[in-house]
Amino acid sequence: MNSFTDLEVWKKARILCNDIFNLVQSFPSDEKYRLSNQIIRSSRSIRNNIAEGHGRFHHTDAAKFMINARGSAAETIDHLIIALDHSFIDEKIFNSFKDDCEGCMKMINGYVTYLRKQAENKN
């Protein structure tokens, strides 16, 4: 694989990030520099960490960035819970985005497993 943009997990995270950006446009304007900013940043961090991990020379280093990406996906879910708690989104929208985040997390888990096996094979 030549580029991180070839990774299916990065493609999924990219779609999620863009969908989150569109979602927060409906949030109250006073949340622009609070929740909206935080959820955009955490969703961007998923794809950013996948990209940075792919650019690392060693599989072990790459796996660490994938773990950070998984953490950012969990953080994004927590921001979505806050949006739900404050009635910025409804249960249906929340569940849809939560499913997308968890889908990313599952793909990241699979990639971490792959990277760790590759690292073991190099030793």
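The structure we're discussing is the one just above.
Starting from 1, residues in each chain are numbered consecutively following that chain's sequence as written. Reporting of local features is limited, given that this is a predicted model, to residues whose pLDDT is at least 70; pairs of side-chain atoms are given and counted only at 80 or more, and all residues count toward the totals for whole chains, interfaces and linings. Computation of side-chain values: all heavy atoms of the structure, hydrogens and water removed.

Draft legend 1. Up close: the side chain of His-79. You can see His-79 is positioned in helix H3 (residues 59-85). When checking whether two residues touch, look at their non-hydrogen atoms; a contact exists if any pair is within 4.5 Å. Those residues in contact with His-79 that lie beyond four places of it in its chain are Leu-35, Gln-38, Ile-39 and Ser-42. For helices the rule is a DSSP run of H or I covering at least 4 residues; for strands it is a run of E covering at least 2, with both sets numbered from the N terminus onward.

Draft legend 2. Broad picture of the packing of aromatic side chains. In this analysis, rings of Phe, Tyr and Trp, with Trp reduced to its six-membered ring, are considered paired at centre separations within 6.5 Å, and the interplanar angle assigns stacked below 30 degrees, edge-to-face beyond 60, and tilted for intermediate values. By the definition in use, this model includes three aromatic pairs. Between Phe-4 and Trp-10, the aromatic rings sit 5.3 Å apart at their centres with planes inclined by 75°, giving edge-to-face as the arrangement. Exposure remark for Phe-4: the relative accessible area of 29% places this residue in the partly exposed category. Each ring, one from Phe-27 and one from Phe-88, has its centre 5.5 Å from the other, and the planes form 40°; the classification is tilted. Separated by 61 residues along the polypeptide, Phe-27 in the loop between helix H1 (8-24) and helix H2 (35-54) and Phe-88 in the loop between H3 and helix H4 (91-122) bring together distant segments of the chain. Each residue gets one of three labels from its accessible area relative to the maximum for its type: buried under 20%, exposed over 50%, partly exposed in between, using a 1.4 Å probe on protein chains only. On the basis of relative accessibility, which here comes to 6%, the residue Phe-27 falls in the buried class.

Draft legend 3. Seen up close, unusual backbone geometry. In this structure, Ser-87 is a non-glycine residue whose phi angle is positive, near 65°. Here Ser-87 is to be found in the loop between H3 and H4. Since its relative accessible area comes to 62%, Ser-87 is described here as exposed.

Draft legend 4. Looking closely at the pattern of salt bridges. Think of a salt bridge as a Lys or Arg side-chain nitrogen and an Asp or Glu carboxyl oxygen that are within 4 Å of each other. Under the defined criterion, the tally for this structure stands at five salt bridges. A salt bridge links Asp-30 to Arg-34; the nearest nitrogen and oxygen atoms lie 3.2 Å apart. We classify Arg-34 as partly exposed; its relative accessible area is 45%. Measuring nitrogen to oxygen at the nearest pair gives 3.1 Å for the salt bridge that ties Lys-98 to Glu-102. Note that Lys-98 and Glu-102 are positioned in helix H4 at a spacing of four residues, about one turn of the helix.

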